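Survey of secondary and tertiary structure
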Amino acid sequence: MLFYLSNLSPFFCSLKVKSLCHRSETLLQFSMIYNSDEWGRRVLTFPAIRPCESVSPATLLGSLITLAGDICGFKAKFFASNKRNAWESIRQVGVLLVFLEVVRETQLVLPDSIGLSFSELHLAFQKIRFLLEDCTREYARLWIAMKSEQFAVQFRVLIRSIATALDALTSESINVSGDAKELIELVQRQSRKARFEVESNDKQISEKVLAILNQFRDNTAPEESDLKWVLDRLGIRSWSDCEKEIKFLDSEIALELTNAEKEVTFLSSLMGFMTYCRCVLFNAVDYGVPWQSGGGCNEVLKTLNPDDFRCPISLEIMTDPVTISSGHTYDRSSIQKWFGAGNSTCPKTGKKLKNTTMVPNSVLRGLIRQYCSNNGIPIGQSDAQNCNTVKRVVEGKAEAAMKMVCSFLVRKLAVGTSEERNKAAYEIKLLTKTSIYNRSCLAEAGAIPHLLSLLSSSDSIIQENAMAALSSLSKHSKGKAMVAENGGLKLVSQVLKKGPKFEVRLLAAATLYYLASVEEYRRLIGKIPEAIPGLVELIKNGTDCGKKNALVAVSRLLMYPGNHKKLLATRAVPMLLNILTSSEREDLAKDSLLALSILAEKPDGTHAILSGRGGLNLLVGVLNSLSSKMGKEYCASLLLALCINGGNGVVGVLAKNPSVMGPLYSMLAGGSPQGRKKASSLINTLQNFYERSSDGSIKPLAARRGQLVHI
């Protein structure tokens, strides 16, 4: 990127002082556009920049020569499709490069009249360069081959635009030899005659792929030789090559969801085809060997802070990040509410926006999903949104391909070797993260009983992959039922308590969280001796991700009242209170407050919380320091429960603290309906205490009730 920007820098450096601001703005815009290509500029998009009128012809000439040289360099790259059209374009630009170099060597002063022609050529060269970049992309080969007709059209349009630009280059404008002028005429003739049609190789690939998709639709397994033929023509020769193609298709689906249902269906079919190839044709995973290393984050994610994934408005991890015209990113639901309230400014900068367009930030969305997945965090993806996606994209050929993939993987789990079972468990782990439909399909295919049997494997890698797959399958209603019906509640709890690796215990905690969404399963999990102690041990000794999973699982289990005493018996309350002050992550403090607020609803829970010294003042400090709206609401709910069960002693301490009311009134103004209700109740409780204690009708101490209150 920096190299290419340096090629354009003479344009901007040669502008007049009066256009300095415009120059800086244009350079910044171009830098942003081109930088986005590092993360995946969309195929068949050409963010070219037209040179300014004040740029001298000599400067344009130098940059044209550099661009033409870059284009000629693509001749050495691999073209999986569109090869002949690309080479013809490169050849014609190469002829022009010879002419441009002659001009630079022989013409000392270039007339201003050729500036327009050079400017149009420069724009066309930029777009050709982008088009050639697309043709040589390693991770979009299948999609590009299937879109060969559109690529042929683009090559034809761009080469003919060169002929049009050369029309303005009159023979009198440049003093060069007749041979050099003949080069221009040659390019003009050839560019207008060139047909740029879809090549026979590309037609064969497209026809073969469509035939295989029809076989999927008819529930017929394609011949492996046909699959290998397609992949060989495209230069896709490994598991990792398939995986890159799948990720590209998935990102395109995310970008097309709002406006191109037909294209989404087509992309989904191609994704099903490539997924089938990845699972069936390759026995070994070569993608950084992730199936052997488990759930570790990649190098990019290791450098990121979870706070980078939070919406500046809600302060929660974003599920659908979108970027607005100011360049800042927000969660879609939050910024929609902001705009819906009549605001036309950027919430972060306060500056007025040119428009309220929201562009999906697929890169950030992918990083968030990967981060949550790698760390077993049961948040970060909207199941409602995922469900809507599935309804639109899973149909016909895509649905049939996925069913055949699931059947293949379940067979490997049932009768495969140890290595094949591990590979199948890893493939299922990947598929379950993609969509609700995949989870449903795998559950119906019978994957869960086989995965549960792998939890007792002596191979920790197999156990971890199986646990990761079961964790995702437990998000689905059918998956929950099948896990419970096949003895999975006890097996998962045993892994939580005795798993040989921390990663597998973290995944087990996340699985219990999903399973505990069913009321009956909360009761059954609470009866398992290893379950609640295993979660408490993870809260005590786990990493932040482990604490996160254990905390949310505990909160769900506490929704069954019979589990309260079992948690109190583990002496977990001091640990929960300690998290409020020792952890630097607000999400952990929020989750701890939720668990404490549920415990405080019972008298014995209130007593355990108030037994520690400084508990009330600690909670008031947390109420004032938290930036999370949800965290503040949990804290208010906790304080209200302590007031109800702790009596006047608790109420009196809170009523005397001047810093309590501010956050509560803020909640009344901007909290959720439930938060406003809790804040209102707590405010009324404190105000009633003031009124009653001022006329001497009560004694503002709880000692008469035998309550233990530590400030």
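In what follows, the structure referred to is the one given above.
Residues numbered from 1 in each chain as written. Predicted model: local features only at pLDDT ≥ 70, side-chain atom pairs only at ≥ 80, totals over all residues. Heavy atoms only, no water.

1. Here's the deal with the overall build of the protein chain
Across its full length, the protein chain holds 37 helices and 3 strands. Long-range contacts, defined as pairs at least 24 residues apart, comprise 75% of the intrachain contacts of the protein chain with a sequence gap of at least 6. Accessible surface, the protein chain as shown: approximately 31,200 Å² in total, 52% of it carbon and sulfur. (Helix = DSSP H or I, 4+ residues; strand = E, 2+ residues; numbered from the N terminus. Contact = heavy atoms within 4.5 Å. Areas by Shrake-Rupley, 256 points an atom, 1.4 Å probe, with all protein chains shown as cover.)

2. Remarks on the packing of aromatic side chains
All chains considered together, the criterion is met by 6 aromatic pairs. With a centroid separation of 5.1 Å and an interplanar angle of 65 degrees, the aromatic rings of Phe216 and Tyr276 are classed as edge-to-face. Here Phe216 is found in helix α9 (residues 200-217), whereas its partner Tyr276 is found in helix α12 (residues 261-281), with 60 residues between them in sequence. Three or more aromatic residues joined by ring pairs form one cluster here, namely Tyr139, Trp143 and Phe248. Seen from the ring of Trp87, Lys75 lies directly overhead, with NZ or CZ sitting 5.0 Å from the centre. Above the ring of Tyr513, the side-chain terminus of Arg556 is found at 4.0 Å from the ring centroid. (Phe/Tyr/Trp six-rings, centres within 6.5 Å; stacked < 30°, edge-to-face > 60°. Lys NZ or Arg CZ within 6 Å of the ring centre and 35° of its normal.)

3. Quick word on the pattern of salt bridges
Under the defined criterion, the tally for this structure stands at 22 salt bridges. A salt bridge links Glu399 to Lys403; its shortest N-O distance comes to 3.7 Å. In this pair, Glu399 and Lys403 are both assigned in helix α18 (residues 397-415), 4 residues apart and thus about one turn of the helix distant. Overall, Lys403 belongs to the partly exposed group, its relative accessible area being 42%. The closest approach of N and O atoms between Arg523 and Glu520, which form a salt bridge, is 2.3 Å. Residue Arg523 and its partner Glu520 are located together in helix α26 (residues 519-527), separated by 3 residues, close to a single helical turn. With relative accessibility at 38%, the residue Glu520 sits in the partly exposed group. (Salt bridge = Lys/Arg side-chain N within 4 Å of Asp/Glu carboxyl O. Buried < 20%, exposed > 50% of the residue type's maximum accessible area, 1.4 Å probe, protein only.)

4. What about the sheet that holds strand β2 (residues 329-331)?
Sheet strands line up and pair through hydrogen bonds in the backbone, either parallel or antiparallel. Strand order in the open sheet formed by 3 strands is β2-β1-β3, with antiparallel pairing between adjacent strands. Here the strands that pair on one side only, and so sit at the sheet edges, are β2 and β3 (359-360). Bridge count between strand β1 (residues 321-323) and β3: 2 bridges; the pairing is antiparallel. If you follow Val322 over to β3, its bridge partner there is Pro360. The strands that helix α15 (residues 332-340) touches are β1, β2 and β3; relative to β2, the one it contacts most, it runs at about 95 degrees. (Pairing = 2+ DSSP bridges. Axes fitted to C-alpha atoms, helices over the stretch in contact; angles between N-to-C directions.)

5. Section: the nonpolar core
Membership of the largest hydrophobic core comes to 190 residues, with the highest contact counts inside it found for Phe125, Trp143, Ile162, Phe273, Leu451, Leu642 and Leu664. If you tally residues by element for this core, the top one is α12, at 11 residues. Setting aside chain neighbours within four positions, we find Phe273 in contact with Leu142, Val209, Ile212, Leu213, Phe216, Leu227 and Val230. In this structure, Cys311, Ile317, Leu353 and Ile368 belong to the second largest nonpolar core, which totals 14 residues. (Core = buried A, V, L, I, M, F, W, Y, C linked by side-chain atoms within 4.5 Å.)

6. Some points on unusual backbone geometry
In this model, Leu44 sits at a positive phi of 60 degrees, which is unusual for a non-glycine residue. Tracing the sequence through the fold places Leu44 in the loop between α2 (20-38) and α3 (57-73). Backbone geometry places Asn82, a non-glycine residue, at a positive phi of 60 degrees. Within the secondary structure layout, Asn82 lies in the loop between α3 and α4 (83-106). Asn82 gets classed as buried once you look at its relative accessible area, which sits at 0%.

7. So, the packing of helix α20 (residues 436-444) against helix α23 (residues 477-485)
Packing of α20 against α23 leaves a shortest axis separation of 8 Å and a crossing angle of 35 degrees. Considering the relative orientation of α20 and α23, their crossing is left-handed. Along its contact with α20, which presents Ser440, Ala443 and Glu444, the element α23 presents Lys478, Gly479 and Met482. Here the contact of α20 with α23 is built from residues that sort into 2 nonpolar, 2 polar and 2 charged. (Left-handed = near helix turned anticlockwise from the far one by under 90°. Nonpolar A, V, L, I, M, F, W, Y, C, P; charged D, E, K, R; others polar.)

8. Some words on the packing of helix α30 (residues 573-582) against helix α31 (residues 586-599)
At a minimum axis distance of 8 Å, the contact between α30 and α31 shows a crossing angle of 140 degrees. Accordingly, the angle class assigned to the pair α30 and α31 is oblique. Where α30 crosses over α31, the two elements pack in a sense that is left-handed. Here α30 contributes Val573, Leu576, Leu577, Ile579 and Leu580 to the contact with α31, which in turn contributes Leu588, Ala589, Ser592, Leu593, Ala595, Leu596 and Leu599. Grouping the constituent residues of the contact of α30 with α31 by class yields 11 nonpolar, 1 polar and no charged. (Parallel < 35°, antiparallel > 145°, perpendicular 65-115°, else oblique.)

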